[in-house]
Amino acid sequence: MSGRFVAGMTVDDALGACERVNRESIAVTLDALGESVTTEAEARESARVYHEMLDAIAARKLNANVSLKLTQMGMDFDPALAESIVGELVEHAAAVGSFVRIDMEGSPLTEATIGMTERLHARQNGHVGTVLQAYLFRTANDAERLLRQGIRIRLCKGAYKEPPEIAYPMKVDVDTNYVNLAERLMTSGVYCGIATHDEAIVEKLLVFVREHNVPKGAFEFQMLYGIRRDLQRRLAKQGFGVRVYVPFGPEWYPYFMRRLAERPANVLFLMKNFLKN
Ligand code: FDA
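This one's a predicted model, so the numbers in the text were calculated from it and none came from an experiment.

(A) Spotlight on unusual backbone geometry. Phi is positive for Ser25, close to 60 degrees, though the residue is something other than glycine. Structurally, Ser25 is set in the loop between helix H1 (11–22) and strand S1 (27–32). Its relative accessible area of 57% is what places Ser25 among the exposed residues.

This is the structure in structure tokens:
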């Protein structure tokens, strides 16, 4: 079942998946899965895999960049180490004409993630960006703050359990906030990633794009590997930028559990396959 959402165990598996996705005129962001490492050696090993990926993307001329999590680079126990490791990765990305997306984790890390992105962007303009989550009340302000500096934002709904004091508990409010934020980003002049599989939202945004003459080059849709491939292909065929987030590696478990939690149908599918075996 994890094979539906995770592209394999090795860098080679991920590059193979990337080539297949690229053949359909869809770009990729590669994620070597891992989070919450507890030693410097583990953090440096995570970074080594990312350096290898940046070189391989350039050598194979793939249409891909990379996404990483700060807790994978030591953020939980040594933020300065994490910043130095990610800084080196952003420098490497700049040298090979690529881009590092810093994924957004749970709310205790929101401010620190934004702050680090700002500092790294000041050094390597255009080669680093981060993610904002529509379920957080603070996101509209964060979006303005990043846009003022020209920092690229990926907008998602948010995948972590957050308290009602800081996040919308109701899906309908998250969805409304998502659409408002997406419209703001798409007309901001800063290239943005619209990360959702929510077809109703995608349709609404396509109407907005038509009515406001938003150029196709102003944004890209982003979706996860293995989810709504039909929608990914349809949007790419219509000439919209589409990027698929391709996760891989032995540390697939927390990522996989978040995907199951998002959709009860996935758990049913898993149970049926389990019973069949
Ligand atoms: P929603 O959950 O409302 O689902 C809408 C529809 O999409 C569903 O009805 C179903 O058809 C389909 N769908 C959604 N999830 C599915 C699943 N797991 N399996 C099958 N179908 C599914 N989050 C975060 O907190 N930090 C981050 O950095 C990122 N990064 C990120 C990158 C990219 C490219 C994407 C697409 C998403 C993220 N996310 C994320 C995850 C995001 O916050 C969110 O949890 C998921 O995208 C699910 O929300 P949707 O917008 O798809 O809508």
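And the narrative resumes.
(B) Just the side chain of Arg154, in detail. Positionally, Arg154 belongs in strand S5 (residues 152–156). Looking at Arg154, the relative accessible area reads 7%, which means it is buried. Excluding residues within four positions of it along the chain, Arg154 makes contact with Thr29, Ser67, Arg101, Asp103, Thr130, Val131, Leu132, Gly193, Ala195, Gln222 and Tyr245.

(C) Examining the nonpolar core more closely. By size, the foremost hydrophobic cluster in this structure holds 86 residues, and its most contacted members are Met53, Leu68, Met73, Val86, Ile194, Phe219 and Leu235. The element that contributes the greatest number of residues to this core is helix H2 (residues 40–59), accounting for eight residues. Beyond its immediate stretch of four places on either side in the chain, Met73 contacts Ala43, Ser46, Ala47, Tyr50, Leu68, Leu81, Ala82, Ile85, Val86 and Leu89. By size, the runner-up hydrophobic cluster in this structure holds nine residues, among which are Phe5, Leu224, Tyr245 and Tyr255.

(D) Just the packing of H2 against helix H3 (residues 79–95), in detail. Look at H2 against H3: their axes get within 10 Å of each other, and the N-to-C directions meet at 10 degrees. When the axis of H2 is compared with that of H3, the two are roughly parallel. Taken together, the residues of H3 that come into contact with H2 (itself represented by Glu40, Ala43, Arg44, Ala47, Tyr50, His51, Leu54 and Asp55) are Leu81, Ile85, Glu88, Leu89, His92 and Ala93. Looking at side-chain class alone, the contact of H2 with H3 contains eight nonpolar, two polar and four charged residues.

(E) Main features of the pattern of salt bridges. Per the counting criterion, the structure on display carries 26 salt bridges. Ionic pairing is found between Glu24 and Arg233, a salt bridge with its closest N-O pair at 2.7 Å. Residue Glu24 is located in the loop between H1 and S1, and its partner Arg233 is located in helix H8 (residues 229–237); the two are separated by 209 residues in the primary sequence. Judged by its relative accessible area of 35%, Arg233 is partly exposed. Asp142 is the partner of Arg138 in a salt bridge, and the nearest nitrogen-oxygen pair spans 2.6 Å. Sharing partners across several salt bridges, the network here consists of Glu111, Glu118, Arg138, Asp142 and Arg145.

(F) Region of the structure containing the site of the ligand. Taken together, 24 residues surround the ligand, and among them Lys157, Lys171, Thr196, His197 and Glu262 come closest. At 3.0 Å, a backbone N or O of Ala159 approaches an oxygen atom of the ligand. When the free accessible area of the ligand is taken as 930 Å², the share hidden by the protein chains comes to 87%. Applying the majority rule of atoms within 2 Å of the grid points places the ligand in the largest pocket. A per-element tally of the shell around the ligand places strand S7 (residues 219–224) first, with three residues.

Analysis parameters
Residues numbered from 1 in each chain as written. Predicted model: local features only at pLDDT ≥ 70, side-chain atom pairs only at ≥ 80, totals over all residues. Heavy atoms only, no water. Helix = DSSP H or I, 4+ residues; strand = E, 2+ residues; numbered from the N terminus. Buried < 20%, exposed > 50% of the residue type's maximum accessible area, 1.4 Å probe, protein only. Contact = heavy atoms within 4.5 Å. Core = buried A, V, L, I, M, F, W, Y, C linked by side-chain atoms within 4.5 Å. Axes fitted to C-alpha atoms, helices over the stretch in contact; angles between N-to-C directions. Parallel < 35°, antiparallel > 145°, perpendicular 65-115°, else oblique. Nonpolar A, V, L, I, M, F, W, Y, C, P; charged D, E, K, R; others polar. Salt bridge = Lys/Arg side-chain N within 4 Å of Asp/Glu carboxyl O. Near = heavy atom within 4 Å. Polar contact = N/O pair within 3.5 Å; in protein donor to acceptor, adjacent residues only side chain to side chain. Areas by Shrake-Rupley, 256 points an atom, 1.4 Å probe, with all protein chains shown as cover. 1 Å grid on protein atoms, 1.4 Å probe; cavity = no way out; pocket = protein on both sides within 12 Å on 5 of 7 lines; lining within 4 Å. Sits in = over half its atoms within 2 Å of the grid points.

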